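# Understanding the architecture of this molecule
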Amino acid sequence: MAFLYKADPARGAQWAKLFAQKAPDLPFHIWPDLGDPAAIRYLAAWQPPEDPTRTFPNLEVVFSVGAGIDQFDLSGVPAHVPVVRMIEPGIIEGMVEYVTQAVLTIHRDLFDYGLQQHQQVWRELPLKPASERRIGVLGLGVLGTAVLEKLRLFGFACAGWSRSPREIQGVDCYAGESALDQFLARTDILICLLPLTPATRGLLNAELFAKLPRGASLIQTGRGPHLNQQDLLAALDSDQLHNAILDVTDPEPLPAGHPLWTHPRVRITPHIASATRPESAVDVVLENLRRHREGLPMLGQIDRTQGY
Ligand code: NDP
């Protein structure tokens with residue numbers, strides 16, 4: 001029985017060290033060192049190899065090393081092999097920090113002050129109380145919920161949107177397509193924390209931007225293909241959107257000279273909003289291996305029919 005890691009080798013070396021301490025009886029391999037392929041029961045990957053069960057006939061679980069599984073070709077993983085995405089404290093804390101700084105940057109007009117500084121202008125802008133700033137989070141999963149729980153503490157008017165109805169204390173929850181327009185109409189700062197699925201691909205487009213109040217802002221921390229980048233540029237240029245903070249783009253990185261790189265009201269970071277932290281990730285994986293052995297549901301096991 002062995003565990004195979006197939007992602008960034010430097011992180012793999014960190015995982016190997018942690019496995020050696022915490023699960024010394026479970027042999028740990030880093031791709032492309034497979035050992036005996038028939039011994040591989042567990043695979044942790046950013047992208048699994050094509051047709052993994054042909055290479056590893058005794059494969060029991062596939063783990064994603066990231067929070068999303070949109071980069072997986074699920075058709076290559078047979079239905080009897082559960083697929084588990086990464087939910088661990090490091091990813092959650094990183095995302096809460098990133099979105100909080102992005103919201104405060106927008107809320108406290110730091111884009112506008114940056115432009116003023118560039119022109120050597122010293123001018124106060126009116127200060128809006130947090131209670132008058134309406135935050136809206138697309139996606140009320142592990143990350144969306146954690147982000148809202150933090151933002152609520154600043155006093156922002158908080159809302160969120162999900163597929164099925166949710167209840168979060170102090171947050172106005174909207175569910176399903178029929179509630180989307182109402183949610184958008186009350187949102188000044190829109191944050192995308194959706195998984196990428198056929199239903200959410202391209203959702204951030206001209207039609208959606210037009211339903212936000214004029215001068216709204218976008219924080220895009222989902223996946224690049226959620227956003228129609230041409231529509232974003234048009235919405236910024238018409239002032240329908242005031243500014244945007246993008247942690248993800250399509251492609252990553254954007255090609256040299258792409259107008260988003262230099263747009264004065266766009267800030268781009270290289271998909272760093274949050275990252276798996278090896279120490280806590282290994283603990284979660286080992287806990288899931290225990291649950292799997294005992295026939296219990298694993299944390300982060302995805303619903304193959306929904307694709308997330
Ligand atoms: P979860 O699976 O826990 O939550 C997803 C949420 O999105 C759920 O509330 C779900 O609704 C909602 N949702 C899914 N599809 C739809 C739809 N069609 N319409 C409305 N709502 C929908 O995911 P996480 O919170 O853990 O992660 C969210 C995403 O964040 C990841 O998939 C990834 O794209 C992104 N991410 C980005 C990172 C970065 O560094 N930029 C790092 C980590 C994650 P319901 O509650 O009804 O199921």
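Residues numbered from 1 in each chain as written. Predicted model: local features only at pLDDT ≥ 70, side-chain atom pairs only at ≥ 80, totals over all residues. Heavy atoms only, no water.

### Looking at the packing of aromatic side chains
Here is the rule we go by: A pair of aromatic rings is counted whenever rings of Phe, Tyr or Trp (Trp by its six-membered ring) have centres within 6.5 Å, and the orientation is called stacked for planes under 30 degrees apart, edge-to-face for over 60 and tilted otherwise. Counting from the N terminus, the helices are the DSSP runs of H or I reaching at least four residues and the strands are the DSSP runs of E reaching at least two. Burial here depends on accessible area, computed with a 1.4 Å probe over protein chains only, as a share of the maximum for the residue type. Under 20% is buried, over 50% is exposed, and the range in between is partly exposed.
Under the criterion given, the structure shown has ten aromatic pairs. Ring geometry for Phe-3 versus Phe-63: centroids 6.2 Å apart, planes at 20°, classification stacked. Here Phe-3 is found in strand S1 (residues 2-6), whereas its partner Phe-63 is found in strand S4 (residues 61-64), with 60 residues between them in sequence. Residue classification places Phe-3 among the buried residues on the basis of a relative accessible area of 0%.

### Digging into the sheet that holds strand S10 (residues 216-220)
What counts here: If DSSP finds at least two bridges between two strands, the strands pair. Axes, fitted as lines to C-alpha atoms, cover a helix only where it is in contact. Angles between the N-to-C directions of the axes lie from 0 to 180 degrees. We call two residues in contact whenever any of their non-hydrogen atoms come within 4.5 Å of each other.
Here we have seven strands laid out as an open sheet, ordered S8-S7-S6-S9-S10-S11-S12, and parallel in their pairing. Whereas interior strands pair on both sides, the edge strands pair on one side only; in this sheet they are strand S8 (172-175) and strand S12 (266-268). Taking the axes of each pair of neighbouring strands and ignoring which way they run, one obtains an average angle of 15° across the sheet. Judged from the four bridges that link them, strand S7 (residues 157-162) and S8 form a sheet pairing that is parallel. The partner of Ser-162 across the bridge, within S8, is Ala-175. Of the strands in this sheet, strand S6 (134-138), S7 and strand S9 (189-192) touch helix H5 (residues 142-153), which is tilted by about 170° from S7. Lying over the sheet, helix H8 (residues 229-237) contacts S10, strand S11 (241-246) and S12, oriented at roughly 140° with respect to S11.

### Describing the domain arrangement of the chain
Note the threshold: Those domain boundaries reflect an automatic or database domain assignment. Accessible-area loss on putting two parts together, using a 1.4 Å probe and summing over both, is the definition of buried area adopted here. Each residue is assigned to one class: nonpolar for Ala, Val, Leu, Ile, Met, Phe, Trp, Tyr, Cys and Pro, charged for Asp, Glu, Lys and Arg, and polar for all the others, Gly among them.
Partitioning the chain into structural domains gives domain 1 (2-88 + 276-293) and domain 2 (90-268). Its C-alpha centre places domain 1 at a distance of 33 Å from the equivalent point of domain 2. The junction of domain 1 with domain 2 conceals about 750 Å² of combined surface from both sides, 53% of it contributed by carbon and sulfur atoms. Considering only the surface of domain 1 that becomes buried against domain 2, Asp-70, Glu-88 and Arg-277 emerge as the three largest contributors, covering 59% of it. Within the side of domain 1 that touches domain 2, the residues separate by chemical class into four nonpolar, three polar and four charged.

### As for the packing of helix H3 (residues 89-107) against H5
Here is the rule we go by: In this scheme, roughly parallel covers angles under 35 degrees and roughly antiparallel covers those over 145, while 65 to 115 is roughly perpendicular and the rest are oblique. The sense of a crossing depends on the near helix, which, turned anticlockwise from the far helix by less than a right angle, makes the crossing left-handed and, turned clockwise, makes it right-handed.
Closest axis-to-axis distance for the H3/H5 pair is 9 Å, and the angle between their directions is 50°. On the basis of the axis angle, H3 is oblique to H5. Where H3 crosses over H5, the handedness of that crossing is right-handed. For the pair H3 and H5, contact is made by Ile-91, Ile-92, Met-95, Val-96, Val-99, Thr-100 and Val-103 and by Val-142, Leu-143, Ala-146, Val-147, Lys-150 and Leu-151, respectively. Its residues assigned to classes, the contact of H3 with H5 shows eleven nonpolar, one polar and one charged.

### Examining the side chain of His-107
In this structure, His-107 sits in helix H3. Residues in contact with His-107, not counting those within four places in the same chain, are Lys-128, Pro-129, Ala-130, Arg-133, Phe-156 and Ile-189.

### Focus on the environment of Phe-19
Residue placement: Phe-19 occurs in helix H1 (residues 9-22). Each C-alpha atom of the pair Phe-19 and Asp-283 lies 9.2 Å from the other, and the pair is 264 residues apart in sequence. In this structure, Phe-19 is in contact with Phe-3, Pro-24, Leu-26, Phe-28, Val-282, Val-285 and Leu-286, ignoring residues within four places of it in sequence.

### Focus: the UniProt feature "domain: D-isomer specific 2-hydroxyacid dehydrogenase NAD-binding" (unreviewed entry) in the chain
Note the threshold: UniProt positions are given in the numbering used here, feature names are shortened, and annotations may be inferred rather than shown by experiment.
Taking the UniProt record as the reference, the feature "domain: D-isomer specific 2-hydroxyacid dehydrogenase NAD-binding" (unreviewed entry) is found at residues 102-273. Helix makes up 30% of residues 102-273 and strand 19%. Its end C-alpha atoms lie 10 Å apart.

### Observations concerning the site of the ligand
Worth spelling out the cut-off: Residue proximity to a molecule or strand is established when one non-hydrogen atom of the residue lies within 4 Å of it. As used in this structure description, the phrase polar contact means that two N or O atoms lie within 3.5 Å; if the pair is within protein, one of them must be able to donate a hydrogen and the other to accept it, and residues adjacent in sequence are counted only when both atoms belong to side chains.
Near the ligand, the surroundings consist of 28 residues, among which Arg-85, Leu-143, Ser-164, Arg-166 and Tyr-308 are the closest. Measuring from an oxygen atom of the ligand, one finds a side-chain N or O atom of Arg-85 at 2.8 Å. The side chain of Asp-247 places a nitrogen or oxygen atom 2.9 Å from a nitrogen atom of the ligand. Counting residues per element, the ones that place at least two in the shell around the ligand are H5 and S7. Class assignment of the residues belonging to the shell around the ligand gives a composition of 13 nonpolar, ten polar and five charged.

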